[in-house]
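Here are the chains, one letter per residue:
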Amino acid sequence: MVTLKLGTRPPWLGLGAAVWLQIASGNGYNFPLYSHSLKSVLGFNQRQVTMLGVANDIGENIGILPGIVCNKFPPWVVLIFGAVACFLGYGVLWLAVSQTVQSLPYWVLWLALCLATNSSAWIGTAVLVTNMRNFPLSRGTVAGILKGYGGLSAAVYTEVFGVLLQNSSPKFLMFLTVGIPLVCFILMFFVRPCTPASGEDSAESVHFLFIQAASVVLGLYLLTTTILDHVMSLNIAISYSILVVMVLLLMAPLGIPIKMTFYPSNCSKLGRSSGSSEQLNQSQGILDTKQPLLEPSLSTSNLGSFHESDSALDLDMLLAVGEGAVKKKRRPRRGEDFKFGEAFIKADFWLLFLVYFAGVGTGVTVLNNLAQIGIAQGTHDTTILLSLFSFCNFVGRLGGGAVSEHFVRSKTIPRTMWMTITQVVMVITYLLFASAIDGTLYVATAILGICYGAQSSTMVPTASELFGLKHFGIIFNFMTLGNPLGAFLFSGLLAGFVYDDEAAKQHSNSCLGSNCFRLTFLVLAGVCTIGTVLSIVLTKRIKPVYEMLYAGGSFRLPQSSGH
């Protein structure tokens, strides 16, 4: 690894490039844009289209293999895998929808859609893991920014679909087949491990604030233009102007490395170490030999909780280890680097998974059925409803990362506290959905979008803080399995069954009225109640970890355990 100079731009250049790749990785959100063509052109019924939606969710969230590859190969290799998966998967769908190839078997299209959306897992893993390692001291902020842009990807693709491609599904599938791999190949060498940002540069917080502000402006812009497009007729010139402005806003994060080129930072030196956060971890361990990691005032009970030591140790073994006769391999402590197998057997790992499952598994059920929910409650044009959810999802993702980062530094409040709070709000929101009170649909949708987004951007840094960054790709991608699992259980089975049953009572294929989803919402509220209790337990358990990691108001990497 080349030693990087003071004020070097690669971490920020990589983050700017990651914004575009994160938008590309949101291709799984595009299913509603072309699903109607799968039904009309290929003659599928609603059940077949629904199962293709399940394939869409499964492919998007199966990321264990990308996590493994990310640990063994550089990011550009992972991005190439994503580009190839996207080209092959969407290419097959294009062949079918454009009728270039006739009568492709249903199972081939199902697998093709799985492969196509699995590109999201490859691209997202490369981008997220690399940037989390490049900014190890600002994990919540970075996760919030990247997840936020991912939340905006649906609105970006909708603009492209409507303005550039005139709402043509075959053209859109061709755009995905060629466009996303092209973005990957152009930007793959900009996303790379480099000297981690030390947090000592006073301009760093300003840089993050600039990117956050740019993303908020982009989100408001996309929401406004979407609404305008549906309330008035825009001519071609205005439509293309809207698209050009959107592209310029997407390029805003690249302004930071450009600024650093012409106005290099004069802050104190970052140090001579090179590489990613692993090297920073090692250097921190050297410092820890001179300064204890935990303050002497920390109670012995908290120390015992943090170390998770066995209740009784053999005295002879202790003496042997002390004399050097036996070399005992110490298990990692929370906050250090865990291997996946080591994390897998920890209670905190499963608590975090179940809390995340309760939050996003129920939220994605509403997202997948939002159009039908709107129609059932008397809203015939659901585009604005979907745009509102998308924007609020972005706000939740961005805000979840930023707010949790602020309070974890200032008050050492575990990030999972915000998962607890948002799930309490989700319980109330599901009850509001179930009541179907006039005028509450848009309010409930907006609140749910914020809470759903906050779950995603809070889980990511929490997993990295509890189990380390070395194997973060595998651990994070396992956690995301809560999304397709929830989609299958609560959307594919529960919501579909309840909806069809109520529609049958109305002697129709479509269901109208509050009963169409009432039982589903009550079950979702119950699941989130359980998730809230589990989140409280998790927060109490990991409180000592955050008191150690953020002692003094700034993140401190614990000494590596040799993993």
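Check the entry above for the structure.
Residues numbered from 1 in each chain as written. Predicted model: local features only at pLDDT ≥ 70, side-chain atom pairs only at ≥ 80, totals over all residues. Heavy atoms only, no water.

**A short note on the overall build of the chain**
So, step 1. Counting its secondary structure elements, the chain contains 23 helices and zero strands.
So, step 2. The buried share among the 563 residues of the chain stands at 54%.
So, step 3. For the chain, long-range pairs separated by at least 24 residues make up 84% of all intrachain contacts whose partners lie at least 6 apart in sequence.
So, step 4. Carbon and sulfur atoms form 67% of the exposed surface of the chain, whose accessible area is close to 24000 Å². (Helix = DSSP H or I, 4+ residues; strand = E, 2+ residues; numbered from the N terminus. Buried < 20%, exposed > 50% of the residue type's maximum accessible area, 1.4 Å probe, protein only. Contact = heavy atoms within 4.5 Å. Areas by Shrake-Rupley, 256 points an atom, 1.4 Å probe, with all protein chains shown as cover.)

**Here's the deal with the pattern of salt bridges**
So, step 1. Per the stated rule, a full pass over the model turns up six salt bridges.
So, step 2. Because the salt bridges share partners, they merge into one network encompassing Glu405, Arg409, Arg415 and Glu465. (Salt bridge = Lys/Arg side-chain N within 4 Å of Asp/Glu carboxyl O.)

**Describing a nonpolar patch on the surface**
So, step 1. Taken together, the side chains of Val84, Phe87, Leu88 and Leu115 make up a nonpolar region of the molecular surface, amounting to roughly 340 Å² of accessible area.
So, step 2. With respect to the helices and strands, valine 84 occurs in helix H5 (residues 75-97).
So, step 3. Judged by relative accessible area, valine 84 falls into the partly exposed class, the value being 42%. (Patch = residues over 30% accessible without salt bridge, like charges linked within 9 Å, V, L, I, M, F, W, Y side chains within 5 Å.)

**A few points about the side chain of threonine 117**
So, step 1. Tracing the backbone through its elements, the reader meets threonine 117 in helix H6 (residues 106-134).
So, step 2. Judged by relative accessible area, which is 0%, threonine 117 ranks as buried.
So, step 3. Polar contacts involving the side chain of threonine 117 include one to the main-chain carbonyl oxygen of leucine 113, which spans 2.9 Å.
So, step 4. Apart from residues no more than four positions distant in its own chain, threonine 117 is found in contact with Asn27, Gly28, Ala55, Asn56, Gly59, Glu60 and Tyr90. (Polar contact = N/O pair within 3.5 Å; in protein donor to acceptor, adjacent residues only side chain to side chain.)

**Brief notes about helix H20 (residues 441-467)**
It helps to recall that an α-helix has 3.6 residues per turn; residues three or four apart then point in one direction.
So, step 1. Its 27 residues give H20 an end-to-end C-alpha distance of 39 Å, which sits within 8% of 39 Å, the value for a rise of 1.5 Å per residue.
So, step 2. In terms of burial, H20 is a largely internal element, 23 of the 27 residues being buried.
So, step 3. Downstream of H20 by a residue or two, glycine 468 has a phi angle that is positive, lying close to 85°. (Expected span 1.5 Å × (residues − 1).)

**So, the state of the cysteines**
So, step 1. Here the structure, examined in full by the defined rule, presents one disulfide.
So, step 2. Disulfide pairing places cysteine 511 opposite cysteine 516 at an S-S distance of 1.9 Å. Note on the cysteine 511 and cysteine 516 pair: the S-S dihedral is about -90°, so by sign convention the disulfide is left-handed.
So, step 3. Using a relative accessible area of 0% as the deciding quantity, one classes cysteine 516 as buried.
So, step 4. With no disulfide partner, cysteine 86 has as its closest neighbouring cysteine sulfur the one in cysteine 184, 7.2 Å distant. (Disulfide = S-S within 2.5 Å.)

**A word on the packing of aromatic side chains**
So, step 1. What the rule picks out here adds up to 33 aromatic pairs.
So, step 2. Ring geometry for tryptophan 12 and phenylalanine 135: centres 4.9 Å apart, planes at 70°, overall edge-to-face. Pair noted here: tryptophan 12 is in helix H1 (residues 10-25) and phenylalanine 135 is in the loop between H6 and helix H7 (139-164), with a separation of 123 residues, a long-range link. For the pair shown, tryptophan 12 and phenylalanine 135 are each scored as buried.
So, step 3. Ring geometry for phenylalanine 31 and tyrosine 34: centres 5.7 Å apart, planes at 85°, overall edge-to-face. Of this pair, phenylalanine 31 and tyrosine 34 both sit in helix H2 (residues 31-42), three residues apart, which is roughly one turn of the helix. (Phe/Tyr/Trp six-rings, centres within 6.5 Å; stacked < 30°, edge-to-face > 60°.)

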